[in-house]
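The primary structure of each chain is shown beneath.
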Amino acid sequence: MSISTSKTINLLRALSGQENTYTIPKLYVRLTGCHVRALILNQLVFYSDKSTRHDNDWFDKPYHVWEKETFVQERTLRNILSEFKNRNWCESRTIKVHGIRTLTCRPLLENILKDLNDML
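Quick look at the structure, then. Small disclaimer: the values here were computed from a predicted structure and weren't measured. (Residues numbered from 1 in each chain as written. Predicted model: local features only at pLDDT ≥ 70, side-chain atom pairs only at ≥ 80, totals over all residues. Heavy atoms only, no water.)

### So, the overall build of the protein
This is how the line gets drawn: Secondary structure elements are defined from DSSP: runs of H or I of at least 4 residues count as helices, runs of E of at least 2 residues count as strands, and each element is numbered from the N terminus. Working definition: with a 1.4 Å probe on protein chains only, accessible area under 20% of the residue-type maximum means buried, over 50% means exposed, and in between means partly exposed. Any two residues having at least one pair of non-hydrogen atoms within 4.5 Å are treated as being in contact. All accessibility values rest on the Shrake-Rupley procedure with a 1.4 Å probe; residue burial counts only the protein chains present in the view. Under the counting rule used here, the positive set is Lys and Arg, the negative set is Asp and Glu, and His together with the chain ends is not counted. For charged residues, the charge sits on one atom: NZ in Lys, CZ in Arg, CG in Asp, CD in Glu.
What the protein contains, in helices and strands, is six helices and three strands. Mapped in sequence order, the helices and strands of the protein form the string α-α-α-β-α-α-β-β-α. Across its three principal directions, the C-alpha atoms of the protein cover 55 × 45 × 25 Å. Counting every position in the protein, which comprises 120 residues, the buried fraction comes to 31%. Counting contacts in the protein only where the partners sit at least 6 residues apart, residues at least 24 apart contribute 53% of the total. For the protein, the accessible surface area stands at approximately 8,300 Å², while carbon and sulfur atoms represent 51% of it. In the protein, 18 side chains carry a positive charge and 13 a negative one; their mean positions are 7 Å apart.

### Section: the packing of helix α4 (residues 63-70) against helix α5 (residues 74-86)
Quick reminder of the rule: Convention adopted: a line fitted to C-alpha atoms gives each axis, helices being fitted over their contacting stretch, and angles between N-to-C directions are expressed from 0 to 180 degrees. Any angle from 65 to 115 degrees is called roughly perpendicular, while one under 35 is roughly parallel, one over 145 is roughly antiparallel, and all others are oblique. In this count, Pro and Cys sit with the nonpolar residues alongside Ala, Val, Leu, Ile, Met, Phe, Trp and Tyr, while Asp, Glu, Lys and Arg are called charged and the others, Gly among them, polar.
The interhelical angle for the contact between α4 and α5, taken along N-to-C directions, is 95°, at an axis separation of 10 Å. One way to sum up the angle between α4 and α5 is to call them roughly perpendicular. When α4 is examined against α5, the residues Y63, W66 and E67 are found in contact with a partner set consisting of E74, L77 and R78. Classifying every residue of the contact of α4 with α5 by side-chain character gives three nonpolar, no polar and three charged.

### Observations concerning the sheet that holds strand β3 (residues 100-107)
Basically, it comes down to this: In this analysis, strands are considered paired if DSSP registers two or more bridges between them.
Across the sheet, which stays open at both edges, the three strands sit in the order β1-β3-β2 with antiparallel pairing between neighbours. With partners counted over all chains shown, the strands left at the sheet margins are β1 (59-62) and β2 (90-97), one partner each. Taking the axes of each pair of neighbouring strands and ignoring which way they run, one obtains an average angle of 30° across the sheet. Its contacts with the sheet put α5 on β2 and β3, and the angle it makes with β2 is roughly 140°.

### Structural notes on the nonpolar core
Keep this limit in mind: Among buried residues, those of type Ala, Val, Leu, Ile, Met, Phe, Trp, Tyr and Cys that are joined through side-chain atoms within 4.5 Å constitute a nonpolar core.
I40, L44, W66, L77, L81 and F84 are the most contacted members of the largest nonpolar core, which has 22 residues in total. By residue number, the principal contributor to this core is helix α3 (residues 35-47), which donates five residues. Not counting chain neighbours up to four residues away, the residues in contact with L77 comprise I40, Y63, W66, V72 and L103.

### Details of the environment of W89
In this structure, W89 sits in the loop between α5 and β2. Taking the C-alpha atoms as reference points, W89 and L108, separated by 19 residues in sequence, lie 4.9 Å from one another. Those residues in contact with W89 that sit more than four places away from it in its chain are L31, T32, L41, F84, R106, P107, L108, N111, I112 and D115.

Everything listed here is a matter of coordinates, which is why it stays silent on function.
Listed below in structure tokens is the structure:
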């Protein structure tokens, strides 16, 4: 059974584009030792200046949004953030926002930079 050219082209378009790919700095992979941890670190840094509700690099993101964006389940995300807290790379807490369990995070950018610098 062959797929029509039109359907194939639509499939390629659905697979392509920034919102359908991950770009993870290799230094984050090297620093964390893991692609998944590096992806989470990348998201923490990326969203640190996007909040309209918080100052000082804090941002809110519900767990279901994290999972939709990264395909990392809540339990794994919690474990990774716990590791990051132990490394002094972030602060986080869970709060309810409009009745939804939401992760509120802040990367500790100076500490991340220091560890990247030490690694290099």
